[in-house]
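Architecture at a glance
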Amino acid sequence: MSDFKRRYGRRRVIQGGLAGILATGVSPLILSRGAWAQEFCNAPTGDTVTLGFNVPQTGAYADEGADELRAYELAVEHLNGEGDGGLIPHFSSDTLTGNGILGKRVEYVTGDTQTQSDPARESARRMIERDGAVMITGGSSSGVAVAVQSLCQDMGIIFMSALTHSNDTTGKDKRRYGFRHFFNAYQSGVGLGPQLGQAYGNQRRAYHLTADYTWGWTQEESMIAATEALGWETVEAVRTPVGAGDFSQYITPVLNSGADVLILNHYGFDGVNSLTQAVQFGLKDRQANGQDFQLVLPLVSDLMAAGAGEAMQGVYGTSNWYWSQPDEASQAFTASFGARWGSPPSQAAHTSYVQTLLYADAVERAGTFYPPEVIRALEDFEFDGMGNGPTLYRGSDHQCFKDVLVVQGKETPSNQYDLLEVVSTASRESVTYDPEIFGGELGPYEPNMCA
Amino acid sequence: MDAILAQLLNGLDKGAAYALIALGLTLVFGTLGVVNFAHGALFMLGAFCAVAFRQFITTETVTIDETQLSPWGTPLEVRTPMAEQWFGDWAPFLIDYSVPISIVLAIPFMLLVGIAMERGLIKHFYKRSHAEQILVTFGLAIVLQELVKTFFGPNPWPQPIPSDFRGAADVGAWFGMQAGAVTYPLWRLVYLLFAGVILGAVFAFLRFTTFGMVVRAGMADRETVGLLGINIDRRFTIMFGIAAVVAGLAGVMYTPLLPPNYNLGMDFLVLSFVVVVVGGMGSLPGAVAAGFLLGILQSFASMTQIKALIPGIDQIIIYFVAVVILLVRPRGLLGRRGVMEG
């Protein structure tokens, strides 16, 4: 055999060719794992990454928006290694080290949703197109969340919703790119029902005033289902415009309706106004059907309790989280937020902060900002140490499942922040449901390119 | 019957606010011929007089007490109201009654604002078209709104009802009905009474004083009154100030019913403008009558039985009435012949 044949024989050529193919084709894939730099919307290229905080700074839910913004700023500080770290040391996942996200320093831009869908979409679009935000988060208002979530799906940007409580957000309007840590109206109904039955009995006639948009509708539907299961009768369900301000013309008919419970499916300033005005109309001191008249506010926050003052005393509702919860994580977050801002965090602030950390952690675990990989990291993620106990991010609808707090306005607050009392807890198992009941389709993983 | 009485009361109560704002709006149109779109902003400014007074009266000094901890573990901030140092035993009363007391602040402030607005800006637009007047006063309203937003932020400022007027009155019992059949918030009744007093005072001022007589004469025939050697312009300027005071006082007393924010004026302006159109541009009795009428219609339209017949009627009833009036009787219910016609 000649030297040439020995040196360049068939086997050697094939071996060499295969080695070449591997070297030129496969190794770059290994070396660049997670590097989809130019293949998705707003892929971070420098040493910073921008998050978009889209909150209501004006409108009916502006109080919640202001607190959400404080929480987001705190989350950014903690992700960048500043401050006491807040919930990071308590989080069951240990990927966050205070070195930003994937080593990139976290920066942020903010927008005002005005508590309206169209301005919220415009604001989100501006943050994506002009500011290069790689993730959008915020609320409040389910109408806003559903609208922005849909936009984010279309543009290939992950949306970590903050305060949104409609069943539709992770039901019929769910999206692959949208994730909700906050609980929902169905879970409020399941959690609150037994407490109402225990406190007020099963011979009640309920009148509903309902905010006329997606959240109000599903809240009303869930509360009617929960109270009728107790044996209550629904007298009337009346829709009221969001931001009505003066609810007196809707409260007046309640007086002679034959109802003995008024359920206010209102939130934010609407909830504060309708509750305060209902008390001004003497409903709390009224007798109907031989029983004391009762007021119920199914979704309550401490910000609303502060706004409503004495009117909130004794009124039942549900909360996603409350700052005085005794677990270590809740106390750590309250201490961190209180030291930074001089007041305890609201449930809106808590969910906003948690969502930011959950996104950062998912990116770290995925090893990339590439949305499909981040989505897969969040789907069916089981975690703890965020103040809600063991929690599951269900993959089939992107809804978090955790315990639900049933709260009541305190009769004798010990200080200006001690406004609610957690009277019972509905377990995660009891508020878990079949995702099929609310329908909807998540849609594809593949991202669109900011369009 | 009890349901109707309750809705009627609610309508009168709503109508009182509409009538107070619309009265000023139509007064300005009747005297100066100006369509003042900044009038709603005057209602809002009045409301913020109450907010500002309460802010002042509840000013606190903050000291850090290292021996006590806040709920989140930092040294406790101890807040001491300054009112106790300034006013002694009167402090709790002043804080409790901050809303009605702020009327004392609102009257001179609103008079000054009204006169400054008329002399500084609006008088330069008397001879311009209504469209230009609307544009400039609308712009002024936006400026006033943004000023308030700058100082007080975008969010509402809840104001308390004085403790003696919290709760509800058993109105049904006054009319011989069963106890508790119709209860109505005390402060809303106070507002209704207050509106009646203000409306009565304005009408009495115009009817029974020489000043009022001259103003009415000027409204009927400005040139002739001027030829008699009377400075009608100065009187009209004062009337502009009085209209601002009326709007401001309506705003002050409304704050416990609806926490004011910078946008409050715009919410009421549109409604009040409709009230003026329905009542008749420039007609004072028309504005008052239409204010109460539309308030009552709006209240009854919110009844469940009515909404079941025509869904959403509560949202459109006022505008529906305005459309009908403009089509059938363009000068409004009590408007002068020729105004808004042709």
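About the thresholds
Residues numbered from 1 in each chain as written. Chains lettered and ligands numbered in written order. Predicted model: local features only at pLDDT ≥ 70, side-chain atom pairs only at ≥ 80, totals over all residues. Heavy atoms only, no water. Helix = DSSP H or I, 4+ residues; strand = E, 2+ residues; numbered from the N terminus. Buried < 20%, exposed > 50% of the residue type's maximum accessible area, 1.4 Å probe, protein only. Contact = heavy atoms within 4.5 Å. Areas by Shrake-Rupley, 256 points an atom, 1.4 Å probe, with all protein chains shown as cover. Lys, Arg positive; Asp, Glu negative; His and termini not counted. Charge placed at Lys NZ, Arg CZ, Asp CG, Glu CD. Rg over C-alpha atoms; globule rule 2.2 N^0.38 Å. Domains from an automatic or database assignment. Buried area = accessible area lost by both parts, 1.4 Å probe. Salt bridge = Lys/Arg side-chain N within 4 Å of Asp/Glu carboxyl O. Expected span 1.5 Å × (residues − 1). Phe/Tyr/Trp six-rings, centres within 6.5 Å; stacked < 30°, edge-to-face > 60°. Axes fitted to C-alpha atoms, helices over the stretch in contact; angles between N-to-C directions. Parallel < 35°, antiparallel > 145°, perpendicular 65-115°, else oblique. Left-handed = near helix turned anticlockwise from the far one by under 90°. Pairing = 2+ DSSP bridges. Disulfide = S-S within 2.5 Å.

1. Focus: the overall build of chain A
- Helix and strand counts for chain A stand at 13 helices and 17 strands.
- In chain A, buried positions account for 61% of the 451 residues.
- Contacts in chain A between residues at least 24 apart in sequence constitute 73% of all its contacts with a sequence separation of at least 6.
- Approximately 16300 Å² of chain A is accessible, and the part contributed by carbon and sulfur atoms is 48%.
- Charged side chains of chain A number 31 positive and 53 negative; the gap between the two group centres comes to 14 Å.

2. Looking at the overall build of chain B
- Counting secondary structure elements, chain B contains 15 helices and 4 strands.
- For 342 residues, the compact-globule estimate of 2.2 N^0.38 gives 20 Å, and chain B sits close to it at 22 Å.
- Contacts in chain B between residues at least 24 apart in sequence constitute 72% of all its contacts with a sequence separation of at least 6.
- Put simply, chain B shows about 15300 Å² of open surface, and 68% of that area lies on carbon and sulfur atoms.

3. Quick look at the domain arrangement of chain A
Residues and elements named next belong to chain A.
- Once the domains are mapped, chain A shows domain 1 (48–184 + 323–403) and domain 2 (186–319).
- The centre of domain 1, based on its C-alpha atoms, is set 29 Å off from the matching centre of domain 2.
- Counting from both sides, the interface comprises 25 residues of domain 1 and, opposite them, 22 residues of domain 2.
- Where domain 1 abuts domain 2, roughly 1900 Å² becomes buried across the two surfaces, and 53% of that area is made up of carbon and sulfur atoms.
- At the surface where domain 1 touches domain 2, the tally comes to 0 salt bridges.
- Listed by contribution, the elements that provide at least two residues to the side of domain 1 that touches domain 2 are α3 (62–79), α5 (142–155) and β15 (400–401).

4. A closer look at α3 of chain A
All names here are of chain A.
- Taking 1.5 Å per residue, 18 residues should reach 26 Å; α3 reaches 26 Å between its end C-alpha atoms and fits that length.
- By the criterion of burial, α3 is predominantly enclosed, with 14 of the 18 residues buried.
- Of the residues trailing α3, G81 is marked for its positive phi of about 85°.

5. Things to note about the pattern of salt bridges
- One pass over the structure, following the stated rule, counts 25 salt bridges over all chains.
- Here K172 of chain A makes a salt bridge to D173 of chain A, at a shortest N to O gap of 3.2 Å.
- Between R222 of chain B and D233 of chain B there is a salt bridge, and its shortest N-O distance comes to 2.5 Å. Taken as a pair, R222 of chain B in helix α10 (residues 222–227) and D233 of chain B in helix α11 (residues 232–254) lie far apart in primary sequence, 11 residues in all.
- D233 of chain B gets classed as partly exposed once you look at its relative accessible area, which sits at 37%.
- The network of salt bridges with shared partners includes D246 of chain A together with D13, K14 and R188 of chain B.

6. Topic: the packing of aromatic side chains
- One pass over the structure, following the stated rule, counts 37 aromatic pairs over all chains.
- Their ring planes at 25° and their centres at 5.4 Å tell us that F381 of chain A and F383 of chain A sit as a pair that is stacked. F383 of chain A matches F381 of chain A in its accessibility class, with the two residues each being buried.
- Measuring from centroid to centroid gives 5.2 Å for F56 of chain B and W86 of chain B, while their planes differ by 20°, and the two rings are stacked. Pair noted here: F56 of chain B is in helix α2 (residues 39–57) and W86 of chain B is in helix α3 (residues 83–87), with a separation of 30 residues, a long-range link.

7. Details of helix α13 (residues 371–378) of chain A
- For α13 of chain A, the buried fraction is high: 6 of the 8 residues fall into the buried class.
- At the exit of α13 of chain A stands D380 of chain A, carrying a positive phi of roughly 60°.

8. A word on the interface of chain B and chain A
- Each side of the interface is counted separately: chain B has 35 residues, and chain A has 35 residues.
- Carbon and sulfur atoms make up 53% of the surface buried where chain B meets chain A, a total of about 2700 Å² over both sides.
- The largest per-residue losses of area from chain B upon contact with chain A belong to P71, W72 and T304 of chain B, which jointly make up 23% of the total buried on that side.
- Between chain B and chain A we count 2 salt bridges in total.
- Between D246 of chain A and R188 of chain B there is a salt bridge, with its nearest N and O atoms 3.0 Å apart.
- Broken down by secondary-structure element, the contributors of at least two residues to the side of chain B that touches chain A are α1 (2–32), β4 (183–185), α13 (284–301), α14 (304–309) and α15 (313–328) of chain B.

9. A word on the packing of α13 of chain B against α15 of chain B
Residue and element names in this part refer to chain B.
- One can describe the packing of α13 onto α15 by two numbers: an axis separation of 8 Å at closest approach and a directional angle of 150°. As judged from the angle between their axes, α13 and α15 are roughly antiparallel. As for the relative orientation of α13 and α15, their crossing is right-handed in sense. Of the residues in α15, those in contact with L294, L297, Q298 and A301 of α13 are I313, D314, I317, I318 and V321.

10. Here we look at the sheet that holds strand β2 (residues 105–112) of chain A
Residue and element names in this part refer to chain A.
- Taken together, 5 strands build an open sheet; the order of strands is β2-β1-β3-β4-β5 and the sheet is parallel. Edge strands, defined here as strands with exactly one partner in the open sheet, are β2 and β5 (178–180). Strand-to-strand twist of the sheet, defined as the mean angle between neighbouring strand axes without regard to direction, takes the value 25°.
- In this structure, strand β3 (residues 135–138) lies alongside strand β4 (residues 158–161), joined through 4 bridges in parallel fashion. Within β4, the residue paired with M135 across the bridge is I158.
- Docked against the sheet, α3 engages β1 (48–55), β2 and β3, running at close to 165° with respect to β1.
- Across the sheet, α5 touches β1, β3, β4 and β5, and the angle it forms with β4 is around 160°.

11. What about unusual backbone geometry?
Residue and element names in this part refer to chain A.
- In this model, L102 sits at a positive phi of 50°, which is unusual for a non-glycine residue.
- Locating L102 in the fold gives a position in the loop between α3 and β2.
- Its identity as a non-glycine residue notwithstanding, N289 has a phi of 55°, on the positive side.
- Note that N289 resides in the loop between β9 (287–288) and β10 (291–292).

12. Some words on the side chain of D270 of chain A
- Mapping D270 of chain A onto the fold places it in helix α9 (residues 268–280).
- Here D270 of chain A is buried and forms no salt bridge, its nearest opposite-charge partner R188 of chain B lying at an N-O distance of 13 Å.
- Every residue in contact with D270 of chain A, bar those within four places of it in the chain, is listed here: A60, P241, V242, G243, A244, G245 and F247 of chain A.

13. Structural notes on the state of the cysteines
Residues and elements named next belong to chain A.
- Taken as a whole and judged by the stated rule, the model has 1 disulfide over all chains.
- Residue pairing for C41: its cysteine sulfur links by disulfide to C450, the two sulfurs lying 1.7 Å apart. On the sign convention where negative means left-handed, the S-S torsion of about 95° between C41 and C450 marks this disulfide as right-handed. Here C41 is found in the loop between α2 (10–31) and β1, whereas its partner C450 is found in the segment after β17 (420–426), with 409 residues between them in sequence.
- For C41, a relative accessible area of 1% puts it in the buried group.
- We classify C450 as partly exposed; its relative accessible area is 23%.

14. Let's talk about the environment of E446 of chain A
All names here are of chain A.
- Checked against the element boundaries, E446 lands in the segment after β17.
- On the accessibility criterion, E446 (54% relative accessible area) is exposed.
- On a C-alpha basis, the gap between E446 and L392 in space is 24 Å, while along the polypeptide they are 54 residues apart.

15. Considerations on the pairing of strand β12 (residues 316–319) of chain A
Residues and elements named next belong to chain A.
- Side chains Y316 and T318 of β12 all project onto a buried face; the interleaved residues G317 and S319 project onto the opposite face, where all are buried too.
- Bridge count for strand β11 (residues 294–299) against β12 is 2 bridges, and the pairing is parallel. Within β12, the position partnered with L299 by the bridge is T318.
- Sheet analysis places β12 next to strand β16 (residues 404–409), joined by 4 bridges and oriented antiparallel. Across the sheet, the residue bridging to Y316 is Q408, located in β16.

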